[in-house]
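# Chain and residue survey
The primary structure of each chain is shown beneath.
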Amino acid sequence: MTGAVEVVRAGALTTVQDEGRAGLAHLGVGRAGALDAPAAALANRLAGNPVTAAVLETTATGCAVRPDRAVRVVVGGAPCRVTVDGRPVAWGAPVHVPAGAVLDVGTAVHGLRSYLAFAGGVAPEPVLGSRSADLLSGLGPAPLRDGDVLPLGPPPPSGAPPVDAVPWPGAPAVLVLPVHLGPRHTWFTPAALRTLTTAAYRVSAQSNRIGLRTEGPALERSRTGELPSEGMVLGAVQVPPDGCPVVFLNDHPTTGGYPVVGVVPEPALAGAAQAAAGTVVRFVHAGR
């Protein structure tokens, strides 16, 4: 171990995430990984890391940490106030944090999830090839608690400093999700399919890393009964008995029995990671 970081304040939910466990669904293992993958990758690049390095993903209220060695850190994703020992420092750009200083990542001003990339990455033991926490299966490191200590990886090789500032995408005021209909859209009435792509929904406060739940007009079924459990993919739009669509995110189950009316392409899901409760959601036909 070349250093460590202590969790001073864990916040509402802070987890270790990397690119996840792709390709293991046939074993019943979900993907996990950073919900806002582009934000995590950009934070890593600015910290001088490969995009595969593990980061901390915070939710809403941020977190505070204390490294035991001097380290370069980038806080990206949802904009927030960032301080080192109470002194304001940059968000979205590399910051030098001295050994023993407290880096405090504040409440998200816009969006929901911020990312902390440490030069060298955080380095708990990988599980099935990934350091990501999966909240549904319990694989990977547990959500962080006050007092936890995480190892840091070796600092990147010295050389040209990373780019010190780049544009960051903002959190969506309206979350527009393209959707490909199927595989079970025939389980819904034509009126329900029109409602899906014309009505305004809102992000439910019950949303989490498993799925973005919505509130709004219920989608009416054209047939009753339930499906035998079948495979579920990232971005699947499942419709439970209340009729309100649920968009499956990274910690989703690998099987499910409620009908899937459509699938949101993976590149569109980064916006879902930053959509706070109450955000307006509109589904549109993909490709239009």
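In this report, we go over the structure that sits alongside the text. (Residues numbered from 1 in each chain as written. Predicted model: local features only at pLDDT ≥ 70, side-chain atom pairs only at ≥ 80, totals over all residues. Heavy atoms only, no water.)

### Observations regarding the overall build of the protein
Looking only at helices and strands, one finds three helices and 20 strands in the protein. Here the protein holds 288 residues, and the buried ones make up 50% of them. Per element, the accessible surface of the protein, about 12,400 Å² overall, is 57% carbon and sulfur. Both charge centroids of the protein, one from 21 positive and one from 20 negative side chains, sit 5 Å from each other. (Helix = DSSP H or I, 4+ residues; strand = E, 2+ residues; numbered from the N terminus. Buried < 20%, exposed > 50% of the residue type's maximum accessible area, 1.4 Å probe, protein only. Areas by Shrake-Rupley, 256 points an atom, 1.4 Å probe, with all protein chains shown as cover. Lys, Arg positive; Asp, Glu negative; His and termini not counted. Charge placed at Lys NZ, Arg CZ, Asp CG, Glu CD.)

### Quick notes on the nonpolar core
Counting residues in hydrophobic clusters, the biggest one holds 40 residues, and the most contacted among them are Phe-188, Leu-212, Val-247, Val-281 and Phe-283. Counting residues per element, the ones that place at least two in this core are α1 (37-47), β10 (114-118), β12 (174-181), α2 (190-198), β13 (201-203), α3 (269-273) and β20 (280-285). With six residues, the single largest contributor to this core is α1. Sequence-distant contacts of Phe-283, defined by excluding residues within four places in its chain, comprise Leu-177, Val-179, Leu-196, Thr-197, Tyr-201, Val-237, Pro-245 and Val-247. Ala-10, Leu-56, Val-97 and Leu-103 belong to the second-largest nonpolar core, a separate cluster that totals 27 residues. (Core = buried A, V, L, I, M, F, W, Y, C linked by side-chain atoms within 4.5 Å. Contact = heavy atoms within 4.5 Å.)

### Considering the pattern of salt bridges
For the coordinates displayed, the defined rule picks out eight salt bridges. The salt bridge involving Arg-31 is made with Glu-266; its shortest N-O contact spans 2.8 Å. Taken together, the residues Arg-31 in the loop between β2 (15-17) and α1 and Glu-266 in the loop between β19 (260-263) and α3 connect sequence positions 235 residues apart. Judged by its relative accessible area of 26%, Arg-31 is partly exposed. Its relative accessible area of 43% is what places Glu-266 among the partly exposed residues. Taking the shortest distance from any N to any O, the salt bridge between Glu-230 and Arg-184 comes out at 2.8 Å. (Salt bridge = Lys/Arg side-chain N within 4 Å of Asp/Glu carboxyl O.)

### Observations concerning the pairing of β19
As judged from the two bridges shared by β12 and β19, these two strands associate in the antiparallel manner. Residue pairing in the sheet places His-180 in a bridge with Val-263 of β19. Strand direction decides the pairing type here: strand β16 (residues 236-238) and β19, joined by three bridges, are antiparallel. Across the sheet, the residue bridging to Val-237 is Gly-262, located in β19. (Pairing = 2+ DSSP bridges.)

### Details of the sheet that holds strand β4 (residues 63-67)
Pairing in this open sheet of six strands is antiparallel, and the strands run β7-β6-β9-β4-β1-β11 from one edge to the other. Bordering the open sheet on either side are β7 (87-89) and β11 (149-151), each of which pairs with just one other strand. Averaged over all adjacent pairs, the angle separating strand axes in this sheet is 30 degrees, with direction ignored. (Axes fitted to C-alpha atoms, helices over the stretch in contact; angles between N-to-C directions.)

### Some details on unusual backbone geometry
Note: most peptide bonds trans; most residues except glycine with negative phi. Across the junction of Gly-182 and Pro-183, the peptide omega takes the value 5 degrees, indicating a cis bond. By the secondary structure assignment, Pro-183 is in the loop between β12 and α2. Unlike most non-glycine residues, Ala-32 shows phi in positive territory, near 55 degrees. Look at Ala-32 and you get buried, because its relative accessible area is 0%. The phi dihedral of Asp-85 is positive, around 50 degrees, even though this residue is not glycine. Residue position: Asp-85 is located in the loop between β6 (80-84) and β7.

### A word on the packing of aromatic side chains
Overall, the coordinates contain one aromatic pair when judged by the stated rule. A centroid spacing of 6.0 Å and a plane angle of 75 degrees characterise the contact between Tyr-201 and Phe-283, whose relative ring orientation is edge-to-face. Of this pair, Tyr-201 sits in strand β13 while Phe-283 sits in strand β20; the two residues are 82 residues apart in sequence, bridging distant segments of the chain. Tyr-201 gets classed as buried once you look at its relative accessible area, which sits at 0%. Of the residues examined, Phe-283 reaches a relative accessible area of 1% and is grouped as buried. (Phe/Tyr/Trp six-rings, centres within 6.5 Å; stacked < 30°, edge-to-face > 60°.)

### Some details on α2
All buried positions along α2 are accounted for by Ala-192, Leu-193, Leu-196 and Thr-197. End-on, the buried residues of α2 take up no more than an arc of 125 degrees, which puts them together on one face. In α2, the exposed positions that point more than 90 degrees away from the buried face belong to Pro-190, Arg-194 and Thr-198. Its buried side turned inward, α2 meets β12, β13, β19 and β20. (Arc of directions from axis to C-beta.)

Worth remembering: the numbers are spatial, not functional.
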